[in-house]
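What the coordinates show
Below are the chains, spelled out letter by letter.
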Amino acid sequence: MEMNHARTPWLLASPQESDQIRLFCLPYAGGGASVFRGWERAFPAHAGIYPIQLPGRENRISEQPLCDMRVMSEAISEAIYPYLQCPFLLFGHSLGARIAFEVARNLRRTRGIQPCRLIVAGSRAPHIPEPRPLHQLPEEEFINELRRFSGTPEAILQSKELLQFFLPILRADFQLDETYVYVDDAPLDCPISVFGGTDDTEASREELDAWAAYTTGECSVEMIKGDHFFLKTQRDELLRSISQIMDQLLNIS
């Protein structure tokens, strides 16, 4: 049974009344909510999995992408707040991790609530900037830099028509990430779970460990075999670990 709230474009499905815990998921730069398709099959019963759809992609393709982290985090916080009456977690990969972190801080600041756990993957700690910004590069250089991330399918990079369609979204997302500046504030009270790829050149173990400064609670770091997109290549292993976190939280509550 769906909850009786006005439908928001930020969520593909309305949370269910039967949920005992909810996981809201945020994608990497250029990604959409479809990245998390099928995740719900890996999690415990009564756990609701709700990918967040950012403007400018998939079913929101006609909307302008957002390039400002404050605007993004405020909009997401407002959209999901009606569904936070039960325990909830935030998950984000790469750019999505920084968005999730800022959503958690916004909810604490404006609503007085925090997730029961923040889960971040493939992301440097918030105070560490992108060492090689690329959102302002000329098109050819920008495309070449996209290849090092291995997140954009080669079929898109080889197609002029598809590139003209996707480049504005990708540039906006990298601008969002690369112009983000961490503003000092008290650490979160919720624990943080950090996942990294053993061969990820975008987030080293030291940069992952640095997330510990952003919580007064536990901060665990788990390394998974793979590069920056272990989210895709080692999906089952990642989902097993997240499912264990949710199991523990369900057993506590």
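Scroll up to find the structure.
Here's a quick rundown of the structure. (Residues numbered from 1 in each chain as written. Predicted model: local features only at pLDDT ≥ 70, side-chain atom pairs only at ≥ 80, totals over all residues. Heavy atoms only, no water.)

Moving on to the overall build of the protein chain. In terms of regular secondary structure, the protein chain is built from eight helices and six strands. When the helices and strands of the protein chain are read in sequence order from the N terminus, they spell out β-β-α-β-α-β-α-α-α-β-α-β-α-α. Expected size for 253 residues packed as a compact globule is a radius of gyration near 18 Å; at 17 Å, the protein chain falls within 12% of this value. Judged by the C-alpha coordinates and their principal axes, the protein chain covers about 50 × 40 × 35 Å. For the protein chain, buried positions account for 55% of its 253 residues. For the protein chain, restricting intrachain contacts to residue pairs at least 6 apart in sequence, the fraction spanning at least 24 positions comes to 78%. When the accessible area of the protein chain is evaluated, it comes to approximately 11600 Å², of which 50% is carbon and sulfur surface. Across the protein chain, the 24 positively charged side chains and the 35 negatively charged ones have centroids separated by 2 Å. (Helix = DSSP H or I, 4+ residues; strand = E, 2+ residues; numbered from the N terminus. Rg over C-alpha atoms; globule rule 2.2 N^0.38 Å. Buried < 20%, exposed > 50% of the residue type's maximum accessible area, 1.4 Å probe, protein only. Contact = heavy atoms within 4.5 Å. Areas by Shrake-Rupley, 256 points an atom, 1.4 Å probe, with all protein chains shown as cover. Lys, Arg positive; Asp, Glu negative; His and termini not counted. Charge placed at Lys NZ, Arg CZ, Asp CG, Glu CD.)

What follows deals with the layout of surface pockets. The space that makes up the second largest pocket amounts to roughly 230 Å³. Along its surface, the second largest pocket is lined by 15 residues, and Arg70, Glu102, Tyr180, Val181 and Val183 are the ones closest to its centre. Taken together, the residues of the lining of the second largest pocket break down into six nonpolar, two polar and seven charged. (1 Å grid on protein atoms, 1.4 Å probe; cavity = no way out; pocket = protein on both sides within 12 Å on 5 of 7 lines; lining within 4 Å. Points joined across faces, edges and corners; volume = space filled by probe spheres on them. Nonpolar A, V, L, I, M, F, W, Y, C, P; charged D, E, K, R; others polar.)

Relative to the 16 Å expected for twelve residues at 1.5 Å per residue, helix 1 (residues 69-80) spans 16 Å between its end C-alpha atoms, a close match to the ideal helical length. With a side-chain oxygen lying 3.0 Å from the backbone nitrogen of Arg70, the N-terminal cap of helix 1 falls on Asp68. (Expected span 1.5 Å × (residues − 1). Polar contact = N/O pair within 3.5 Å; in protein donor to acceptor, adjacent residues only side chain to side chain.)

Before going further, it helps to examine the side chain of Ser243. One can find Ser243 in helix 8 (residues 235-252). Ignoring anything within four residues of it in the chain, the contact list for Ser243 reads Ala42, Phe43 and Pro44.

With that settled, the discussion passes to the pairing of strand 1 (residues 21-26). Counting buried positions along strand 1 yields six of six residues, so the element is predominantly enclosed. Every second residue of strand 1 is oriented toward a common face, with Ile21, Leu23 and Cys25 on one face and Arg22, Phe24 and Leu26 on the other, all of them buried. One ladder, built from five bridges, connects strand 1 with strand 2 (residues 47-51); its direction is parallel. Counted as the bridge partner of Ile21 is Ala47 from strand 2. Two elements, strand 1 and strand 3 (residues 88-93), share five bridges in a ladder whose sense is parallel. Paired with Arg22 across the two strands is Phe88, which belongs to strand 3. (Pairing = 2+ DSSP bridges.)

Counting across every chain of the model gives zero disulfides. With no disulfide of its own, Cys86 lies closest to Cys116 among cysteine sulfurs, the gap being 8.7 Å. (Disulfide = S-S within 2.5 Å.)

Moving on, we get to the environment of Gly122. Within the secondary structure, Gly122 sits in the loop between strand 4 (117-121) and helix 3 (139-149). In this structure, the C-alpha to C-alpha distance between Gly122 and Leu89, residues 33 residues apart in sequence, is 17 Å. When residues no more than four places from it in sequence are discounted, the contact partners of Gly122 are His93, Ser94, Phe195, Asp200, Ala203, His228 and Phe230.

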